[in-house]
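Next come the chains, spelled out residue by residue.
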Amino acid sequence: MAVDELFKAMRTAGHDPYLVRSERALWKLYLQDAQYGSLGYDGHHDWPVLQGRYTLCVLFEYAASLGLVDVQYIDPDGARDDFRHMWGADWLQRLSRYDGLLALRLNPLGAYATGRTDAYRPGPEPAAGARSPVRVLPNFDIVALDGLAPAEALLLDAFATRSTDRVWTLSTASLLKALHAGRGLEELRRFLAETSTGQELPQTVTALLADAASRAEKVRDLGTCHLLECVDEAQAVMIAKDRRAGALCSRIGPRHLMVAPGDLPAVRAALLKLGCVLPART
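The following refers to the structure shown. (Residues numbered from 1 in each chain as written. Predicted model: local features only at pLDDT ≥ 70, side-chain atom pairs only at ≥ 80, totals over all residues. Heavy atoms only, no water.)

**A short note on the nonpolar core**
Here's step 1: Counting residues in hydrophobic clusters, the biggest one holds 22 residues, and the most contacted among them are Leu156, Trp168, Leu170, Leu175 and Leu188.
Here's step 2: Looking at this core, the elements that each hand over two or more residues are helix H5 (150–159), helix H6 (172–180), helix H7 (185–195) and helix H8 (203–215).
Here's step 3: Apart from residues lying up to four places away in sequence, Leu175 is in contact with Phe159, Leu170, Leu185, Leu188, Leu208, Leu209 and Ala212.
Here's step 4: Within the second largest apolar cluster, 19 residues are counted, among which are Phe60, Tyr73, Leu104 and Val167. (Core = buried A, V, L, I, M, F, W, Y, C linked by side-chain atoms within 4.5 Å. Buried < 20%, exposed > 50% of the residue type's maximum accessible area, 1.4 Å probe, protein only. Helix = DSSP H or I, 4+ residues; strand = E, 2+ residues; numbered from the N terminus. Contact = heavy atoms within 4.5 Å.)

**Focus on helix H10 (residues 264–273)**
Structural remark: α-helix, 3.6 residues per turn; residues separated by three or four positions point the same way.
Here's step 1: Where H10 is concerned, the buried positions are Leu264, Val267, Ala270 and Leu271. All buried residues of H10 project into a common sector of 120° when viewed along the axis, lining one side. In H10, the exposed positions angled more than 90 degrees off the buried face are occupied by Pro265, Leu272 and Lys273.
Here's step 2: Tucked into the core, H10 has its buried residues touching strand S7 (226–229), helix H9 (233–241) and strand S9 (256–259).
Here's step 3: At the C-terminal side of H10, Gly275 shows a positive phi close to 85°. (Arc of directions from axis to C-beta.)

**Section: the side chain of Thr195**
Here's step 1: With respect to the element layout, Thr195 can be found in helix H7.
Here's step 2: A relative accessible area of 2% places Thr195 in the buried class.
Here's step 3: Polar contacts involving the side chain of Thr195 include one to the main-chain carbonyl oxygen of Phe191, which spans 2.7 Å. (Polar contact = N/O pair within 3.5 Å; in protein donor to acceptor, adjacent residues only side chain to side chain.)

Written out as structure tokens, the structure is:
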């Protein structure tokens, strides 16, 4: 059933969710500015704006998360325009994240929970190795309408921030946190490619992943190095300017030289020719 049809049926039947206890409470809700954008003005707290958004929230965050209904959800930006007449909404693309909820369907579990059937018979188990489909939205949300296996949910938890049981949100911070912990972005790309309902990733998500990958390449770990300390700055300058030794080490500060582990034997040999001895470690 389309959500708008559900709204109409609810209002016709008198099922109106009660949100505020007084007229005064309405004035505490506003867009942009408490005085000019208050929902207390006539025409600014119409049923779709207030009760309707509350209903969308309950359906999406609770009914869908509990598996009682199947929902059709799209990018919320531009999905509804029932708030355009309100002061402060001129530049808003959406009034809430729930604007993208278009339709819902009562599934067998929901029918049983609401008393429409006397028994609940779950559907067949998915085939071994099968993955639940997900939808990747341009606003960086990852929506798993049918839920995910525990291992798949843990994978998304590593790369994204979970906002509900079935919705995760990608961000630069969440991706960098995963990279910092040693996870690879290719793992996430492969998962999304295999589960994103046959659709290509939105350009915004592709750009976000590319940006995170570039940040992981700005600094590289080349391994451990040896730090040599000279008796004085003149000794460090002499070694750094030597044709053999200087090509294998780098000056770090006035009296210190850095040498890669593989170059240490050659540096020791070059130092011996300069009349300096770097004893081998025992």
